[in-house]
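Examination of the molecular architecture
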Protein chains: 2
Amino acid sequence: MKNRQFNLTEQQLLEEIMLARRDVRGNRFSSDPVDHSIVKKILEAASWAPSVGFSQPWEFVVIKDKHIKQKVVDSFNRVNAEAKNQFSNDKQALYTKLKLEGIQEAPVNIAVFYRPSKLPVLGQSSMLETGRYSVVCAIQNMWLFARAMNIGMGWVSILEPSEVKSILNAPDDSEFIAYLCLGYVKEFLEKPELEQLKWEKRKPIQSSLYFDSY
Amino acid sequence: MKNRQFNLTEQQLLEEIMLARRDVRGNRFSSDPVDHSIVKKILEAASWAPSVGFSQPWEFVVIKDKHIKQKVVDSFNRVNAEAKNQFSNDKQALYTKLKLEGIQEAPVNIAVFYRPSKLPVLGQSSMLETGRYSVVCAIQNMWLFARAMNIGMGWVSILEPSEVKSILNAPDDSEFIAYLCLGYVKEFLEKPELEQLKWEKRKPIQSSLYFDSY
């Protein structure tokens, strides 16, 4: 592996995987079971992520139990009922039609937590949030690796962290980062659904780019 | 691209890229210039990341100016002088020997910011931090894509965010997330340096894994 040089064809394949990755919701998951070896591989991909001071501060709860899933759905429904009120008129009408989670439809759910180290971590003294960011790097690895295994993943963020912690009996010092739904899919959309529905436009990278200073 | 099915060889290539990705510091960057087309491609890979409500809340400052870089190095040196005091005895001795940034050595630096939307964002009502997490997903895409182009990247977190914002003239409402150093490398280490030096051990994924509940 040391000093492995990748070629253009290999770069293009990574580009294809990144471009084909989608946030998958309940209306596109198939009920086909996902073998544990697949879940294990996706979690391994998480462990290949960078982490501040090599702290590897991630923890995962793999959830298949329908009753536990239902408690998370109930929490989603409570938060979502309020969330839609942020949007006015046309946007609220479209919001109401959107399927925004796939908790029961996806055969596998994974709740991801950040467990801060009890000892000082190299690189984390002035930017504590880099611990959480390490966990997010792991999540992006999972998302890409799942896609390369033709598994869809969706990130559900319309949840109240304290409720998810309570449902999963999480220790006080673990912090809820993400709730992921995984499964085979009926289809991967060609574009992000929110782009397709014109909820938001894609921003050209130039509009977010500065040189040497803002 | 729609419904593209990837095969085992393609999954294995992604695994290879993920496993070959390293956090690169100053002692391993070569001074070979990095063409702007390469930097642009890495920023495009950032834009392929998922973002909450398709908000794409990332901003990038590409830095090549040596004087600006030096101000960031000065900030690093101030924070690092304090950071080493967290570690006692043997660890502090090892810490002092570590090269922990490559700001001047890397031909390209990229400061990454989170610019919160002024309008409500779908999916961000109960978990505000998902805006920052979207930016981190973009950073992990950059890291992997850089590696596939045989470019090393290092994330410098031993910095005071307010100082970096001031150096780069960042607007009040933009939040500093990461300072990245990019360039060709003399070598990619076979293992993370902190693992190789036994600063931290690699954790088996089983030690971070729970089923249905903690």
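Placed above this text is the structure.
Residues numbered from 1 in each chain as written. Chains lettered and ligands numbered in written order. Predicted model: local features only at pLDDT ≥ 70, side-chain atom pairs only at ≥ 80, totals over all residues. Heavy atoms only, no water.

1. With respect to the pairing of strand E1 (residues 58–63) of chain A
Residues and elements named next belong to chain A. For clarity, the threshold we go by: Buried, partly exposed and exposed residues are distinguished by accessible area as a fraction of the type maximum, computed with a 1.4 Å probe on protein chains only: under 20%, between the cut-offs, and over 50%, respectively. Helix and strand definitions here come from DSSP, where helices need a minimum of 4 consecutive H or I residues and strands a minimum of 2 consecutive E residues; each element is numbered from the N-terminal end. Pairing between strands is defined by DSSP: at least two bridges between the two strands are required.
Summarising burial for E1: six of the six residues are buried, a large majority. Because side chains alternate across E1, one face comprises the buried residues Trp58, Phe60 and Val62, and the other comprises Glu59, Val61 and Ile63, equally buried. In this structure, E1 lies alongside strand E2 (residues 108–114), joined through six bridges in antiparallel fashion. Considered in E2, the bridge of phenylalanine 60 is made with valine 112.

2. Structural notes on unusual backbone geometry
All names here are of chain A. Unusually for a residue other than glycine, asparagine 89 sits at a positive phi of about 45 degrees. Along the polypeptide, asparagine 89 turns up in helix H4 (residues 89–97). What makes asparagine 89 exposed here is its relative accessible area of 63%.

3. Let's talk about the interface of chain A and chain B
Convention followed: It only takes one pair of heavy atoms within 4.5 Å for two residues to be counted as in contact. Each of two parts loses accessible area, computed with a 1.4 Å probe, when they are put together; buried area is these two losses added. What counts as a salt bridge is simple: a side-chain nitrogen of Lys or Arg found within 4 Å of a carboxyl oxygen of Asp or Glu. Counting of polar contacts relies on pairs of N or O atoms within 3.5 Å, with two restrictions inside protein: one atom must be capable of donating a hydrogen and the other of accepting it, and residues adjacent in sequence are counted only when both atoms are side-chain atoms. Nonpolar residues are Ala, Val, Leu, Ile, Met, Phe, Trp, Tyr, Cys and Pro. Charged residues are Asp, Glu, Lys and Arg, and all others, Gly as well, are polar.
The interface is formed by 106 residues belonging to chain A together with 105 residues belonging to chain B. For the chain A and chain B pair, buried surface summed over both sides reaches about 9,800 Å², with 62% attributable to carbon and sulfur atoms. Counting the contacts that link chain A with chain B gives four salt bridges. Between Glu15(A) and Lys41(B) there is a salt bridge, with its nearest N and O atoms 3.0 Å apart. Counting the contacts that link chain A with chain B gives 50 residue pairs in polar contact (both at pLDDT 80 or more). Mapped by element, the contributors of at least two residues to the side of chain A that touches chain B are helix H1 (8–20), helix H2 (36–47), E1, helix H3 (66–83), helix H5 (130–148), strand E4 (175–183), helix H7 (193–196) and strand E5 (209–211) of chain A. Of the residues forming the side of chain A that touches chain B, the biggest block, 12 residues, is contributed by H5(A). Split by residue class, the side of chain A that touches chain B holds 59 nonpolar, 22 polar and 25 charged. Here E5(A) runs beside strand E1 (residues 58–63) of chain B; their pairing, made up of three bridges, is parallel.

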